[in-house]
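Fold and geometry: a report
Here is what each chain is made of, one letter per residue.
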Amino acid sequence: MTDETAESRGLLLPEGTRLLHVGPHKTGTTSLQAALWAARPAMLAQGVRHVGKTRNPAVAVRAVTQQRSPTSDDAPSPMRYWRDLVGEFRRAKEPRVVLSSELFAWATPEVIERVARDLDASRLHVVVTLRPLGRILPSQWQQNVQAGFKRPYETWLKGLFSPKPNAMGRSFWQLHRHDELVARWAAVLGRDRVTALVVDERDHEMLLRVFTDLLGLREGTLAPEHDLSNRSLTLQEVEAVRAFNVLAAEAGVGRAVHASTMRFGAAIHMKQRAPEPDEPRIDTPQWALDHAREADEGIVEALAGSGVRIVGDLASLARPLVSRGQADAAGPILVPAQVAAEMAMGVALASGLARRAGARSDGTGDAADGSGESPDLARVSTWQLAATVKSRVVAAGTARASRLRRRRAAPQAATGPGPSTASSAIVAPGAAAPSTPAAPAAPVDGLPGRVPDGTRILHIGPPKTGTTSVQSAFWAARASADAQGVHYAGKSRHSARAIWAVTGRPSFDEDRAIPPISLWTELLGEIRSAPQPRVLLSSEGLSYASPEAVTRVLGDLDPARTHVVVTLRPLGRLLASEWQEHVQSGLALSFNAWLHTLFDDPTDRSAISFWRRQRHDRLIERWAEHVGPGNVSAIVVDDREPHHLLRAFEALVGLRPGTLAGDRSPVNRSLTLGEVVAIQAMRTRWAAEGLSMPSFHRFVREKVAAHMKARVPGPDEQRIETPRWALDRAATISREIVAGVAASGVRVVGDLDRLVAVPGGIDGEAAPEPLVAPEIAASMAMGMLVAAGATRGPGGPGSWIEPVETAHILTRHLVRIVARRAARTVTRRGTRSLPG
């Protein structure tokens, strides 16, 4: 607007005025600050300077108001930050200067006097923006939740409106008893230097028009921000964040880490999505709205008689508001899987996990302003980018020094001669190599007899038949097993990479390369040199082996000394387990689509792989061809007797009963349907961010999913149910499997008929994707934080929380962007200094 229009409205401030917008929170402050920050060059050309290195110089304002940072427990910022800001005010030559920070609303009378003295009270004009309390309540609560608050909305409200408000209630009223806030500033500056601006809820641009008039700017200089990141969270989003806060507190996550990954990270990322029209917003119960109106009536009465300038409809503050009634709805609040994925993705981005997962952005994005930078990055100041680079360099140096210290402190591993790669049999010390196939002794009480000394027992799975339980039990009992003459081979519970190497399967590394054969050679050397009479190697990866790989493995182990063990479960029980396992590795197909692929498309690669390992009769045939049927044991897993499998292995290898204990860790449980669909939604977001599937496996399957399994699912959480049609198809194939195993001549432990009988199932197709419990969303996001190392930078005093806009961008690209901006600044200054 022109100066004449502003003057005619009586809003234009005199030249020389320093306009200070003091908030309070949730009254349009962020929208105003974004508009002022974006319009800095245009305002400067019109004689108005925006002071501060960011759109809200929070560090400087906290210094003068003596507030602690919400992101740490450190002392308030040093006063030098405030003095720097004051220096900017004093050096400004423009007719008008403006600064907006809602943090000034915390100022006590003593602090207000300090601010007035430093900024020259004779030139200062303060604006306080006002909204109805009933509108502020849900916004303030969800803002508190983003900062780590854990209490439900109604509990928080009761604390506010109690006759004796709690500490958080007293803090709220210090900010939002607006008449008292106005009075504090008017008492120091005078009533004529304070404006109370009532924001029009129906006109979102009214606030910007008023500031345009106050500063004498041309119409349209201040434009509304269309960035979704300034919207409020929906009820479901807030409940997901609140559940995360509970887990973060239990895990001892500090305020700095929480702030960087949630408040200034994941929460901002979540706001980038456009909520569905039917997503519920936060609804304030009617009793709280009535209390808020009573307070607003007192505020209106006090302001009307205060003598300060009022802009806007003061009476609108006390208009009745009506609850939508959603606050009284019964039942738990559930969350769309997309919300869970957005929150977890936000944590991955904010924690730096995305860069480690393969994101490769240079910050250009869809640049359209000629700067070569994405619109998102253009909102971030050069000072913030430079601070981000510094923080990353310091963090990288700290991590590098820590790794070096650990490496120096680690004991040097004893080295010896490498194992032979020949496939000839090497007799273990104290054990004679059998001249005949190592058949087990006669079974006793339904359990297999012990294999002869010198035998190498090879448990080949397949997956989802108790393999993890067997491996965990042997790994936990390896010392006891060694003492009883049984060696469990491998340097970890499951020597997966060594098996991938010998069977020719690609790894989940970024290059998808087959692991080096030296891993298998090393494992083979351990097996050959083990002093115990019997050695066990267990890996479900062997069930994937081609006929050629089977020949190689048994040739290296010596088929005359090898006894193969296959564990069997009904196909109907394997389907859901297999699907959710593949989802954790990045499978995008729904359960229905995956089932139809298995049974209706025999040419599909995933179907071929599934039937290679789970067509148990053919699996047994491939291995028995080399070692003979008498050297193969097929153990039928009985889900009614979970310890039967371990007892069978104890009898087979010759351990005392009870040596192997069941795995009680929840990490071995199956995921619920809600957990699986949340991970699938995460997979979609992962791909959308340009991150690789190998990194999805490395971080999400191996860490995030494992963290999710540590929670105890609620009794109402839906499990994965297999459609009856798929169970019927599986039963038909199972009957063929049973006939084939029975005719193979291998030793069977257990009842083969159990492989056919599968109760349960649902009619039609599998259930559609459900809403998920907030705890599922929280556990997935918390798993991301754990996968990232639960830290971001040094985390100590003065640690920097980087803007979420830089999360994708590699440090070297940020350095180039900072240098490019600095060069442009130097060029502009040189141009202005030229004569003429």
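Structure first, text after, so check above.
The structure presented is a predicted model; accordingly, all values stated were derived computationally and were not measured.

Definitions and cut-offs
- Residues numbered from 1 in each chain as written.
- Predicted model: local features only at pLDDT ≥ 70, side-chain atom pairs only at ≥ 80, totals over all residues.
- Heavy atoms only, no water.
- Helix = DSSP H or I, 4+ residues; strand = E, 2+ residues; numbered from the N terminus.
- Buried < 20%, exposed > 50% of the residue type's maximum accessible area, 1.4 Å probe, protein only.
- Polar contact = N/O pair within 3.5 Å; in protein donor to acceptor, adjacent residues only side chain to side chain.
- Pairing = 2+ DSSP bridges.
- Axes fitted to C-alpha atoms, helices over the stretch in contact; angles between N-to-C directions.
- Contact = heavy atoms within 4.5 Å.
- Phe/Tyr/Trp six-rings, centres within 6.5 Å; stacked < 30°, edge-to-face > 60°.
- Parallel < 35°, antiparallel > 145°, perpendicular 65-115°, else oblique.
- Nonpolar A, V, L, I, M, F, W, Y, C, P; charged D, E, K, R; others polar.
- Left-handed = near helix turned anticlockwise from the far one by under 90°.
- Salt bridge = Lys/Arg side-chain N within 4 Å of Asp/Glu carboxyl O.

1. A look at the side chain of Arg231
One can find Arg231 in the loop between helix 11 (206-215) and helix 12 (235-250). Exposure remark for Arg231: the relative accessible area of 15% places this residue in the buried category. At a separation of 3.0 Å, a polar atom in the side chain of Arg231 contacts the main-chain carbonyl oxygen of Met270. Separated by 3.2 Å, the side chain of Arg231 and the backbone oxygen of Arg273 make a polar contact.

2. A look at the sheet that holds strand 8 (residues 486-488)
Reading across the sheet, the six strands line up as 8-9-7-10-11-12 and stay open at both edges, with parallel pairing between neighbours. Of all strands in the sheet, those with a lone pairing partner are strand 8 and strand 12 (747-749), marking the two edges. Shown here is a sheet whose adjacent strand axes are inclined to one another by a mean of 20°, direction ignored. In this structure, strand 7 (residues 456-459) lies alongside strand 9 (residues 534-538), joined through four bridges in parallel fashion. From the neighbouring strand, His459 faces strand 9, where its bridge partner is Ser538. Of the strands in this sheet, strand 7, strand 8 and strand 9 touch helix 22 (residues 518-529), which is tilted by about 155° from strand 9.

3. Examining the packing of aromatic side chains
Enumeration over the complete set of coordinates arrives at 17 aromatic pairs. Their ring planes at 80° and their centres at 6.4 Å tell us that Phe104 and Trp185 sit as a pair that is edge-to-face. Here the residue Phe104 occupies a position in the loop between strand 3 (96-100) and helix 6 (109-119), and Trp185 occupies one in helix 10 (residues 178-189), the gap between them amounting to 81 residues. Neither Phe104 nor Trp185 differs from the other in exposure class; each is buried. Centroid distance Phe474 to Phe649: 6.1 Å. Interplanar angle 80°. Geometry classified as edge-to-face. Residue Phe474 is located in helix 19 (residues 467-476), and its partner Phe649 is located in helix 28 (residues 644-653); the two are separated by 175 residues in the primary sequence. Both residues of the pair, Phe474 and Phe649, count as buried. Ring pairs connect the aromatic residues Trp141, Tyr153, Trp156, Phe161, Phe172, Trp173 and Trp287, which therefore count as one cluster.

4. A closer look at the packing of helix 24 (residues 571-584) against helix 30 (residues 693-709)
The contact between helix 24 and helix 30 brings their axes to 9 Å, and the two run at 125°. Comparing the axis directions of helix 24 and helix 30 gives the class oblique. Note on element contacts: helix 30 touches helix 24 through Phe696, Arg701, Ala705 and Lys709, opposite Glu581, Val583 and Gln584. Split by residue class, the contact of helix 24 with helix 30 holds three nonpolar, one polar and three charged.

5. With respect to the packing of helix 2 (residues 29-38) against helix 11
Following both chains from N to C, one finds helix 2 and helix 11 inclined at 50°, their axes separated by 10 Å at the closest point. It follows that helix 2 is oblique to helix 11 by the angle criterion. Considering only the axes of helix 2 and helix 11, their crossing is right-handed. Side by side, helix 2 and helix 11 meet where Ser31, Leu32, Ala35 and Leu36 of the first sit next to Leu207, Leu208, Phe211 and Leu215 of the second.

6. What about the pattern of salt bridges?
One pass over the structure, following the stated rule, counts 35 salt bridges. For Glu239, the salt bridge goes to Arg242, with nearest N and O atoms at 2.8 Å. Remark: Arg242 and Glu239 occur in helix 12; sequence separation between them is three residues, near one turn of the helix. According to the relative accessible area criterion, Arg242 is buried, its value standing at 16%. Of the charged contacts in the structure, one is a salt bridge between Asp600 and Arg729, with a shortest N-O distance of 3.2 Å. Residue Asp600 is located in helix 25 (residues 591-600), and its partner Arg729 is located in helix 31 (residues 724-744); the two are separated by 129 residues in the primary sequence. You can call Asp600 partly exposed: its relative accessible area is 44%. What you see here is one network of salt bridges that share partners, running through Arg231, Glu237, Arg273 and Glu279.

7. Some thoughts on helix 4 (residues 58-65)
The buried count for helix 4 comes to seven of eight residues, which makes it a mostly enclosed element. Along helix 4, the residues classified as buried are Ala58, Ala60, Val61, Arg62, Ala63, Val64 and Thr65. Those residues of helix 4 that are buried lie in contact with helix 5 (80-91) and helix 6. In the stretch just after helix 4, Gln66 is the one whose phi turns positive, near 60°.

8. Quick notes on unusual backbone geometry
The omega torsion of the bond from Gly23 to Pro24 falls at 5°, within 30 degrees of zero and hence cis. Of note, the amide linkage connecting Gly461 to Pro462 takes the cis form, showing an omega dihedral of 5°. Its place among the elements puts Pro462 in the loop between strand 7 and helix 19. Unusually for a residue other than glycine, Gln66 sits at a positive phi of about 60°. Within the element layout of this structure, Gln66 appears in the loop between helix 4 and helix 5. At Asp120, a residue that is not glycine, the phi angle is positive and equals roughly 75°.

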